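What the coordinates show
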Amino acid sequence: MNSVGMPPDTIFSLSSGHGKCGVAVIRVSGASAGNALMKMGNLRQLPTPRVAVLRKVIHPDSAEHIDNGLIIWFPAPNSFTGEDCVEFHVHGGPAILVSMVTALSAIPGVRQAEAGEFTKRAFMNGKLDLTEVEGLGDLIHAETEAQRKQALRQMDGALSQLYTSWRQRIIKVIADVEAHIDFGEDELIEDHILESAASRAEEIQKEIQIHLQDNRQGERLRNGVHVAILGEPNVGKSSLLNSICQRPAAIVSHIPGTTRDIVESAVNIGGFPVLLSDTAGLRDTVDIVEKEGVRRALNRARLSDVKVVVVDVQSFLRHWKTSANNIDSDVKQHLGYIGIIEDPTESSNVNENDVSMETDSGINMTGHTNTAISREKIPSEDLQNVILVLNKSDLLEGRDVNMDLPHSCKGMDVCMVSCKTGQGMEAFVQVLAEKIKILCGGNLLAGNPSLTQARHRLLLNNCVHHLTRFSQYYRFGDEVLAAESLRKTIREMGKLTGKISTEDILDVIFKDFCIGK
Ligand SMILES: Nc1nc2c(c(=O)[nH]1)N(C=O)[C@@H](CNc1ccc(C(=O)N[C@@H](CCC(=O)O)C(=O)O)cc1)CN2
Ligand SMILES: Nc1nc2c(ncn2[C@@H]2O[C@H](COP(=O)(O)OP(=O)(O)OP(=O)(O)O)[C@@H](O)[C@H]2O)c(=O)[nH]1
């Protein structure tokens, strides 16, 4: 029944993809589904539930033969939506589908479904809770193996179980606290019951906090890991992007400063979704368009999960050799020069006005350059998500060809590659894949399921807030306000799974669903 006491409309939709295909599935859900089945399948009684029957499918009024198809009957409540459901499996031709729409629309009380309406009914009828609905939505949108696994686990109720169990445990805590309020004088309700209730609430609060401190793994896997390719002009950043995504996504040229705007490419690296960004070469410039490009590059660096810093290996080695083979301090100094990290040596022994470094492209990077682009630097101790790529290894000559570079320095991985010959690319992609995997939580099926949405984070933060208030009131001896904080916690938990739902929450969740789902 809907809000005015009427049974909901019967809805139908194409549930398979659009375009010509072997078989198309049209789903019908609601009280008139059985009527549609008998009329269009030319049957006098409903077939055995959940057994496909091959029938001539006809128009309900004109009896025009539309197609031959399989029909399946799912009587309520044992269907996806919990309502009476029928599926017509017909051939996937456009004219057949148009005839099916016309035929179904001719049945009284039947109309086309809106996006997400089948799943919304499954939710309303208690077949799925909100986290499971979100998991189903993510499963349909999953583009990589790891996304599919995380979404499937959520659709199968992993988050639902976790959140429901917290909610149930808090409900028991409330029962004890309220019993103490109501019958506190009674000797049967002893103080230790209240103490135990408070410590159980604190335990749940800790569990929620641990769940929240997940380094955003689940959200990262859901939304994609952001990888920014950074470095001076002409070092081969665009070439590296093109090598990773195996298509000419970004323009490559020998002219320094070719890339101005950010060029994005979505790729699948080791089963994980990655959004790669090629950025403008970092240098000081009077060109206002390029200046904006540099600003965007540094901004993207700040927002990215992994920074791939590309350096021309020849210029790097020249610089390295002149600084007494001290790779640790030299790499840092180099990154400091191009404004990627805070160079600890920079402030102490380098005067920002007289730093000067000749780069391969012949650009003189001055101290002014350094300060101009250094606003977004990352702290030098936070290098585990930086990969230093020494590019153009094909141009190395003599002893340098067989030179042993450390694989890492100060927690930062170092890879030598040639975008031109492909040398070292496999090893570099492996290093990148490993970082991405760690950022997404490594083994997805181990331990508690990850939180996957900002919506969950917001509500769980509210829970932690109310549980903190609970502890404060409890310690203060105000049991009434303490119980009220617990009730507020329950309310937030109810919003997570949809035990409490409002039209606006539902609208946001179902807006990403497609028609037919
Ligand atoms: N043809 C077809 N394939 C499909 C779907 C569908 O609706 N139709 N699905 C649609 O998403 C997915 C499968 N999900 C489904 C989930 C529940 C029920 C269902 O009938 N549930 C009943 C009975 C459960 C049982 O017998 O175990 C229920 O929950 O009461 C059907 C499909 C993917 N494949
Ligand atoms: N020999 C050699 N040349 C390369 C290699 N990678 C890139 N190049 C060349 O270096 C030049 C610059 O390459 P890009 O990929 O455009 O460099 P970029 O860093 O994106 O340049 P900007 O857009 O100026 O920031 C081009 O002429 C490339 O063909 C390499 O591994 N070896």
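Quick caveat: nothing in here was measured; it's all calculated off a predicted structure. (Residues numbered from 1 in each chain as written. Chains lettered and ligands numbered in written order. Predicted model: local features only at pLDDT ≥ 70, side-chain atom pairs only at ≥ 80, totals over all residues. Heavy atoms only, no water.)

**Some remarks on the site of ligand 1**
In plain terms, the rule: The rule for a residue being near a molecule or strand is that one of its heavy atoms must lie within 4 Å of it. Distance and chemistry together define a polar contact, namely a pair of N or O atoms within 3.5 Å, with one atom able to donate a hydrogen and the other to accept it when in protein, and with adjacent residues in sequence counting only for side-chain atoms on both sides. Polar here means any residue other than Ala, Val, Leu, Ile, Met, Phe, Trp, Tyr, Cys and Pro, which are nonpolar, and Asp, Glu, Lys and Arg, which are charged; Gly is therefore polar.
Every residue near ligand 1 is listed here: R27, R50, P77, N78, S79, F80, E87, H89, K127 and K517. R27 is positioned with one of its side-chain polar atoms (N or O) 2.7 Å from an oxygen atom of ligand 1. The contact in question runs from an oxygen atom of ligand 1 to an N or O atom on the side chain of K517, over 2.7 Å. When the residues that make up the shell around ligand 1 are grouped by side-chain class, the tally is two nonpolar, three polar and five charged.

**Digging into the site of ligand 2**
Here is the rule: Surface accessibility follows the Shrake-Rupley procedure with a 1.4 Å probe radius. Residue values consider only the protein chains on display as shielding. Elements are defined by DSSP. Helices are runs of H or I of four residues or more, strands are runs of E of two residues or more, and each kind is numbered from the N terminus.
Lining the immediate environment of ligand 2, one finds 23 residues, of which K237, S239, G257, T259 and D394 sit closest. Between T259 and ligand 2, the recorded distance is 2.8 Å, taken from a backbone N or O atom to an oxygen atom. One nitrogen or oxygen atom from the main chain of C419 is found 2.8 Å from an oxygen atom belonging to ligand 2. Protein chains bury 88% of the 650 Å² of accessible surface belonging to ligand 2 in isolation. For the shell around ligand 2, the element with the most residues is helix α9 (residues 237-245), which contributes three residues. Split into classes, the residues belonging to the shell around ligand 2 amount to seven nonpolar, 12 polar and four charged.

**What to know about the sheet that holds strand β2 (residues 21-29)**
So the rule is basically this: When DSSP finds two or more bridges between a pair of strands, those strands are recorded as paired. Each axis is a line fitted through C-alpha atoms, taken for helices only over the stretch in contact, and angles between the N-to-C directions span 0 to 180 degrees. Two residues form a contact once any of their heavy atoms are found within 4.5 Å.
Here six strands make up an open sheet; going across it, the order is β3-β4-β5-β2-β1-β6 and the pairing mixed. What marks the edges here is a single partner per strand, and that holds for β3 (53-58) and β6 (110-112). Across the sheet, the axes of successive neighbouring strands diverge by a mean angle of 30°, strand direction being ignored. The strands touched by helix α2 (residues 94-105) within the sheet are β1 (10-14), β2, β3, β4 (65-74), β5 (85-92) and β6, with β5 carrying the most contacts at an inclination of about 150°. In this fold helix α3 (residues 117-124) packs onto β1, β2 and β6, with an angle of close to 135° to the strand it touches most, β1.

**Describing the packing of aromatic side chains**
Note the threshold: Ring pairs shown here join Phe, Tyr and Trp side chains whose ring centres sit within 6.5 Å, with only the six-membered ring taken for Trp; geometry is labelled stacked below 30 degrees between planes, edge-to-face above 60, and tilted in between. For each residue, the accessible area found with a 1.4 Å probe, counting protein chains only, is set against the maximum for its type, and the residue is called buried under 20%, exposed over 50%, and partly exposed in between. Counting as a charge over the ring demands two things of the Lys NZ or Arg CZ atom: a distance within 6 Å of the ring centre and an angle within 35 degrees of the ring normal.
Scanning the model with the defined rule gives three aromatic pairs in all. For the pair F510 and F513, a centre-to-centre distance of 5.5 Å together with 40° between the ring planes defines the contact as tilted. The pair formed by F510 and F513 is uniform in burial state, with each residue classed as buried. One Lys or Arg, R27, reaches over the ring of F118 and ends 4.8 Å from the middle of that ring. Lying across the ring of F80, K517 places its NZ or CZ 4.7 Å from the centre.

**As for helix α16 (residues 454-476)**
Given 3.6 residues to a turn, an α-helix orients residues that are three or four positions apart in the same direction. The line we're drawing: The length a helix should cover is 1.5 Å for every residue beyond the first.
The first and last C-alpha atoms of α16 sit 33 Å apart over 23 residues, in line with the 33 Å expected at 1.5 Å per residue. Along α16, the residues that are buried comprise R455, H456, R457, L459, L460, C463, V464, H466, L467, F470 and S471.

**Notes on the pairing of β1**
Taken across its five residues, β1 has five buried, putting it largely inside the fold. With burial as the criterion, each face of β1 is covered, one bearing T10, F12 and L14 and the other bearing I11 and S13. With three bridges connecting them, β1 and β6 associate as parallel partners. Paired with T10 across the two strands is V110, which belongs to β6. Looking at chain direction, β1 and β2 are connected through four bridges and run antiparallel. Each bridged residue has a counterpart across the sheet, and for L14 the counterpart in β2 is I26. Turn length for the β1-β2 hairpin, with the two strands adjacent in sequence and antiparallel, is six residues, and the turn residue G19 shows positive phi of about 95°.

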